[in-house]
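# What the coordinates show
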Amino acid sequence: QVVESGGGLVPAGGSLRLSCVASGRLFSSYAMGWFRQAPGKEREFVSVISWSDGITYYADSVKGRFTIFRDNAKNTVYLQMNSLKPEDTAVYYCAADRYVVAIREGRAVEVWGQGTLVTVSS
């Protein structure tokens, strides 16, 4: 199980940090990532971090602005979002899977969070 938090309303150019707490079993061996779904659009991959070596991947649309990192002691993965744009407005979902590729490609991801809404005002 994973539970997200940290969404809210922020002006364009602002920053926000999302958090995702995972159960101990998941966090100790699973890759963790983030997806988002904007109104009227399909859910899309945002970022993922591997379990073993902390390798990260990002969607081109967020590269250089968003940073994913994990705190193993707190079983938590974070998404630091800077220089936010109105087009970043979406429900952001935390995801967990044994394989990084499953999250990167959005294929049969094992565990999904309930989502947290991020709204960026222009």
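Reference entry: report on the structure contained in this document. This is a predicted model, so every value here is computed, not measured.

Cut-offs used in this document
Residues numbered from 1 in each chain as written. Predicted model: local features only at pLDDT ≥ 70, side-chain atom pairs only at ≥ 80, totals over all residues. Heavy atoms only, no water. Pairing = 2+ DSSP bridges. Helix = DSSP H or I, 4+ residues; strand = E, 2+ residues; numbered from the N terminus. Axes fitted to C-alpha atoms, helices over the stretch in contact; angles between N-to-C directions. Buried < 20%, exposed > 50% of the residue type's maximum accessible area, 1.4 Å probe, protein only. Contact = heavy atoms within 4.5 Å. Lys, Arg positive; Asp, Glu negative; His and termini not counted. Salt bridge = Lys/Arg side-chain N within 4 Å of Asp/Glu carboxyl O. Polar contact = N/O pair within 3.5 Å; in protein donor to acceptor, adjacent residues only side chain to side chain. Phe/Tyr/Trp six-rings, centres within 6.5 Å; stacked < 30°, edge-to-face > 60°. Lys NZ or Arg CZ within 6 Å of the ring centre and 35° of its normal.

## Examining the sheet that holds strand β7 (residues 66-71)
Pairing in this open sheet of four strands is antiparallel, and the strands run β1-β3-β8-β7 from one edge to the other. In the strand order of this sheet, the two ends are held by β1 (2-5) and β7, each with one partner. Ignoring which end each strand starts from, the neighbouring axes of this sheet average 15° apart. Bridge count for β7 against strand β8 (residues 76-81) is six bridges, and the pairing is antiparallel. Residue pairing in the sheet places R70 in a bridge with V77 of β8.

## Describing the pairing of β8
Along a regular strand, successive side chains alternate from one face of the sheet to the other. Counting buried residues in β8 gives six out of six residues, a clear majority hidden from the surface. Residues T76, Y78 and Q80 line one face of β8 and the alternating positions V77, L79 and M81 line the opposite face, and both faces are buried. Alignment of strand β3 (residues 16-22) against β8, held across six bridges, turns out to be antiparallel. Bridge pairing links R17 to Q80 in β8. Linking β7 to β8, which pair antiparallel, is a turn of four residues; within it N75 sits at a positive phi near 50°.

## Quick notes on the side chain of S19
Following the sequence through the fold, S19 ends up in strand β3. Using a relative accessible area of 17% as the deciding quantity, one classes S19 as buried. Every residue in contact with S19, bar those within four places of it in the chain, is listed here: V3, E4, S5, W34, T76, V77 and Y78.

## So, the side chain of D97
Position of D97 relative to the elements: it lies in strand β9 (residues 90-97). The side chain of D97 is buried and forms no salt bridge, while R98, the nearest opposite charge, is found at 6.5 Å. There is a polar contact of 2.9 Å between the side chain of D97 and the backbone nitrogen of Y99. A distance of 3.0 Å separates the side chain of D97 from the backbone nitrogen of E110, its partner in a polar contact.

## Examining the packing of aromatic side chains
Tallied over the entire structure, the rule returns three aromatic pairs. Among the aromatic residues, ring-to-ring pairing joins F35, F45 and W112 into one connected group. In this structure, R43 packs its charged tip against the face of Y93, placed 5.3 Å from the ring centre. Positioned over the ring face of W112 is R43, at 3.7 Å from the centre of the ring.

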